[in-house]
Amino acid sequence: MNQYPGVIGRKLGMTQVFTEDGSVIACTVVESQAIVVGKRTSDKDGYDALIVGTGDLQEKHTTKPVAGFFKKANVPGRRTLREFRCSAEFAAGHEVGQELKVDQIFEEGQLVDVQGVSRGFGFQGVVKRYHFAGNIQTHGTHEYRRHGGSIGTRMTPGRVKLGQKMPGHAGDATTSVLNQKVAKVVGEQNLLLIRGNIPGSRGGLVVVRGAIKKRGGKKK
């Protein structure tokens, strides 16, 4: 289980960063406006964690139990909540209502894992959804150029196997990208520049945490 610190952010888009040797690095910009809305402790809950929230939430758009939770914690309502397992020392260093600063959690060169909801593509065929090669395009091929082919299994077991790749809804799924390197941290604007692309469309929410399967790069 990943117990490295992390934040909830919003994907703003992509940009590029020039290194000292003049090379160009394509980066994704993530803005974090997350605050701590609650805690879990080993004495009470059996583990240590921070409950982090982001996004404004009007009281009329929430239920009474949720509104009571925010009122008891004396923090403004947040639309999106995530719970981050962490060490007892890290949890003790952050109070309820405190804003999480990216420059206090991440550093340049650190490896991170990014989780988000991939872009949706609606109903798609097997060529676009699973990159099937399609049928032959010569000698009178008719209406089968982008078909998936046979899906049967003959007499035994005499049915279509579970998990068979077929047309259907593509994208719009929770996706994780591991071991992405932090190219730059802009602490004044609470921005995180992550090397390469990350899941989700522009404006989508992402969760950024320290990498759990590190291979090279700075560790934290």
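Anyway, here's the lowdown on the structure attached to this text. (Residues numbered from 1 in each chain as written. Predicted model: local features only at pLDDT ≥ 70, side-chain atom pairs only at ≥ 80, totals over all residues. Heavy atoms only, no water.)

With that out of the way, let us pick up the layout of surface pockets. Of the volumes computed, that of the largest pocket is approximately 250 Å³. Contributing elements (two or more residues each) for the lining of the largest pocket: strand 3 (35-40), helix 1 (42-45) and helix 2 (64-73). The element contributing the most residues to the lining of the largest pocket is strand 3, with 4 residues. Its residues placed into classes, the lining of the largest pocket shows 5 nonpolar, 1 polar and 5 charged. (1 Å grid on protein atoms, 1.4 Å probe; cavity = no way out; pocket = protein on both sides within 12 Å on 5 of 7 lines; lining within 4 Å. Points joined across faces, edges and corners; volume = space filled by probe spheres on them. Helix = DSSP H or I, 4+ residues; strand = E, 2+ residues; numbered from the N terminus. Nonpolar A, V, L, I, M, F, W, Y, C, P; charged D, E, K, R; others polar.)

With that settled, consider the pattern of salt bridges. Applying the stated criterion to the full structure yields 3 salt bridges. Salt-bridge contacts for Arg40 lead to Glu83; the nearest nitrogen and oxygen are separated by 3.0 Å. Of this pair, Arg40 sits in strand 3 while Glu83 sits in strand 5 (residues 78-85), placing them 43 residues apart in sequence. (Salt bridge = Lys/Arg side-chain N within 4 Å of Asp/Glu carboxyl O.)

Between Thr156 and Pro157 the backbone carries a cis peptide bond, its omega angle lying at 5 degrees. Inspection of the secondary structure assignment puts Pro157 in the loop between helix 5 (126-130) and strand 8 (168-171). Phi at His131 takes a positive value of approximately 65 degrees, unusual for a residue other than glycine. Structurally, the position occupied by His131 is in the loop between helix 5 and strand 8. What makes His131 exposed here is its relative accessible area of 69%. One non-glycine residue, Glu143, lies in the positive phi region at around 65 degrees. Topologically, Glu143 is positioned in the loop between helix 5 and strand 8. (Buried < 20%, exposed > 50% of the residue type's maximum accessible area, 1.4 Å probe, protein only.)

Any link to function would need more than the numbers given here.
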